[in-house]
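Letter by letter, the chains look like this.
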Amino acid sequence: MLRQTQVSLPVNNFENRIQEIGADLLEDMHSLSSNQKEPLTDKLMSWSMNDNGFKTQLFRFVDTLPALKNSKLVHDYLKDYLFQPDVNLPAGISTALKAGRFARSAFAMTVKLQVESIAKRFIAASKPNDLLSILHGQWQNGIAFSIDLLGEECLSDDEASEYQNKYLELIQLLSQETCSWQAMTQLEVGYNHHEPRVNLSLKISSLIAKVDSINFDYTLNSLEQAIKPILISAEQNNVFINFDIESYALKNLTIKLFERCVTKYQFHAGIAIQAYLHSVEHDIQSLINTAAKYNRQFTIRLVKGAYWDYEVINAKQRGWPIPVYTKKVEVDASFERMAEKILNQTPKAVGQGGAFLALGSHNVRSISHALAYMKELGLPKNAIELQMLYGMAGTLKTAVVNKGLRLREYIPVGELLPGMAYLVRRLLENTSNESWLHAGESQSRSDQELLASPHQHSLLDEANHDTK
């Protein structure tokens, strides 16, 4: 049953179907979450969401924490960051920061443990071998995986070579480990295609020391040489390789590299595409043309994008046009349009060229829209894959798995220090008032708000603007 409702626009049959699917998912989620207690890490995030000053200083501290080697430094830096004029501290934290020397030491260690606890919520393990039992457990729960080796931009050839070796070792380790796992039809049998058990995600900025989008052709050739051994090994070991998209500056290089590689190497292929970019429709059309021209099947992981703050600030600083939509409702509407565009390209036969949709979202409305559109096209459940981040949206994951849908978790692996940039991005997404991640499980918003059509909101915004 829907929670408190609000006035809405008239809806057509397709919109009615979206609402029905969404209401069913939310009802399952409410039932699953009714007995769960809020952990301390979630309380910390709730505080962050309610106070931007506290959030900013807390995340600056999180970024610094790995370099702080003793409790005195942890306490001193935490005090420096949090005792700022624009920060309203929760009463307990303020008192603890002012406590005596011995209490300060205990408090500092408690804070460090809590931050590490948050990191472990989003970063599954520091080493691949420590990950195996986690992956097997999730597999038995009906959840597949895509592994991301943490680390931002490589700064040296040695670092890039080390990253390449780690991926080659990971392909061997996981392909051998997973071959003895129990068969799971829900996870392995896609519509007109097979899903490998091992799925890896990689970023082009980690493949070579300097990814230069200005020196396009040279960089493209260097990237191909760096990724070639990984793709050959992936093909030999039946491993899926997904190309992650990073900042807008690297987008064209990533897409061009992917299009070149899928025409040369017969690996199971996928690429992420960001719906918040104004260029997203052109990007997807380019991929569709490649699939048709070379009769190639691959997956497009549609995400909304995690670099929104950076793209907006960077464009403003340089006086460039902002490459992303600046309102959440615009991003949501773009996401739905692009999901339809990709679903229209679903291969109708084994071996037929086309693109499968992997929907990277924790937003119930976005998921419901895609499932409703699949019904319009007459596509079965296994024509889509849902992808969600490790450590988030637990009840939504359980609800979609119970409905027989294929779910894959995006699982970061790596040390805390190189993983800090990733962790801070996840924290910012999870505590933003505009966050689609947090809104998906929010207890403070009605079901009707969570399922509201972004297209209707856009029309209302335009109507309100015209009457002013």
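Every chain's residues receive numbers from 1 upward, in the order its sequence appears when written. The predicted origin of the model limits local features to residues at a pLDDT of at least 70 and limits the giving and counting of side-chain atom pairs to 80 or more, whereas totals for whole chains, interfaces and linings rest on all residues. Side-chain measures here rest on the full set of heavy atoms in the structure, leaving out hydrogens and waters.

Draft legend 1. Summary view of the packing of aromatic side chains. Any two rings among Phe, Tyr and Trp, with Trp reduced to its six-membered ring, count as a pair given centres within 6.5 Å; such a pair is stacked if its planes are under 30 degrees apart, edge-to-face if over 60, and tilted if neither. Here the structure, examined in full by the defined rule, presents 8 aromatic pairs. Grouped by ring-pair contacts, the aromatic residues Phe243, Phe258, Phe267 and Phe298 constitute a single cluster. Placement of a charge over a ring requires the Lys NZ or Arg CZ to be within 6 Å of the ring centre, with the centre-to-atom vector within 35 degrees of the ring normal. The side chain of arginine 296 reaches across the aromatic face of phenylalanine 267, ending 5.6 Å from its centre. Here the guanidinium or amino end of lysine 304 rests over the ring plane of phenylalanine 335, the centre of that ring lying 5.0 Å away.

Draft legend 2. Geometry of the confidence of the model for the protein chain. In the predicted model, the protein chain carries a mean pLDDT of 85, and 83% of its residues have values of at least 70. pLDDT is a per-residue confidence score from the predictor, ranging from 0 to 100. Segments assigned H or I by DSSP are reported as helices when at least four residues long, segments assigned E as strands when at least two residues long, and all are numbered from the N terminus. By mean pLDDT, helix H18 (residues 436–439) is the weakest element of the protein chain at 45, and strand S5 (residues 239–243) is the strongest at 98. Any pair of residues with heavy atoms lying within 4.5 Å of one another is described as a contacting pair. Predicted confidence is poor over residues 1–10, with pLDDT under 50, and the contacts of this stretch with residues over four places away or in other chains come to 20 contacts. Note on residues 433–440: pLDDT is under 50 here. Beyond four places in sequence and across chains, it has 24 contacts.

Draft legend 3. Broad picture of the pairing of S5. Accessibility here uses a 1.4 Å probe with only protein chains present; expressed as a share of the type maximum, an area under 20% marks a residue as buried, one over 50% as exposed, and anything in between as partly exposed. By the criterion of burial, S5 is predominantly enclosed, with 5 of the 5 residues buried. The alternating pattern of S5 places Val239, Ile241 and Phe243 and Phe240 and Asn242 on opposite faces, both of which are buried. One bridge is not enough; two strands pair if DSSP finds at least two bridges between them. Across 5 bridges, strand S4 (residues 198–202) lies against S5 in parallel orientation. If you follow serine 201 over to S5, its bridge partner there is asparagine 242. Here the term right-handed applies to a crossover when the path leading from its first strand over the helix to its second strand runs clockwise, the strands being oriented away from the viewer. Note on the crossover from S4 through helix H10 (residues 216–236) to S5: the handedness is right-handed. The parallel pair S5 and strand S6 (residues 268–274), bridged by helix H11 (residues 251–264), forms a crossover whose chirality is right-handed.

Draft legend 4. The arrangement of helix H7 (residues 132–140) in detail. For H7, every residue scored as buried is listed here: Leu132, Leu135, Gln138 and Trp139. Along the long axis of H7, the arc covered by the buried residues comes to 135 degrees, so they all point the same way. Residues of H7 that are exposed and angled more than 90 degrees away from the buried face: Ser133 and Gln140. Where H7 is buried, its residues contact strand S1 (143–149), helix H8 (157–178), helix H9 (185–188) and strand S10 (406–413). A positive phi of about 85 degrees marks glycine 142, the residue just after H7. In this description, the arc belongs to the directions extending from the helix axis to the C-beta atoms.

Draft legend 5. Seen up close, the packing of H11 against helix H12 (residues 280–293). Axes here refer to lines fitted to C-alpha atoms; in helices the fit is confined to the stretch in contact. Angles between the N-to-C directions go from 0 to 180 degrees. Relative orientation of the contacting elements H11 and H12 amounts to 10 degrees, with a least axis distance of 11 Å. As far as their axial angle goes, H12 and H11 are roughly parallel. Mapping the contact onto sequence places Lys251, Ile255, Phe258, Glu259, Val262 and Thr263 in H11 and Asp283, Ser286, Leu287 and Thr290 in H12. Charged residues are taken to be Asp, Glu, Lys and Arg, nonpolar residues to be Ala, Val, Leu, Ile, Met, Phe, Trp, Tyr, Cys and Pro, and polar residues to be all remaining types, Gly included. Across the contact of H11 with H12, the residue classes tally to 4 nonpolar, 3 polar and 3 charged. The scheme is simple: roughly parallel for angles under 35 degrees, roughly antiparallel for over 145, roughly perpendicular for 65 to 115, oblique for anything else.

Draft legend 6. View of the environment of glutamate 259. Locating glutamate 259 in the fold gives a position in helix H11. A C-alpha to C-alpha distance of 7.2 Å links glutamate 259 and leucine 287, two positions 28 residues apart in sequence. Look past the residues within four positions of glutamate 259 in its chain and what remains in contact with it is Ser286, Leu287 and Thr290. Side-chain atoms alone can form a polar contact between residues adjacent in sequence; in general such a contact is a pair of N or O atoms within 3.5 Å, and within protein one must be able to donate a hydrogen while the other accepts it. Here the side chain of glutamate 259 touches serine 286 through a polar contact of 2.6 Å, side chain to side chain. Engagement of the side chain of glutamate 259 in a polar contact is seen with the side chain of threonine 290, the distance being 3.3 Å.

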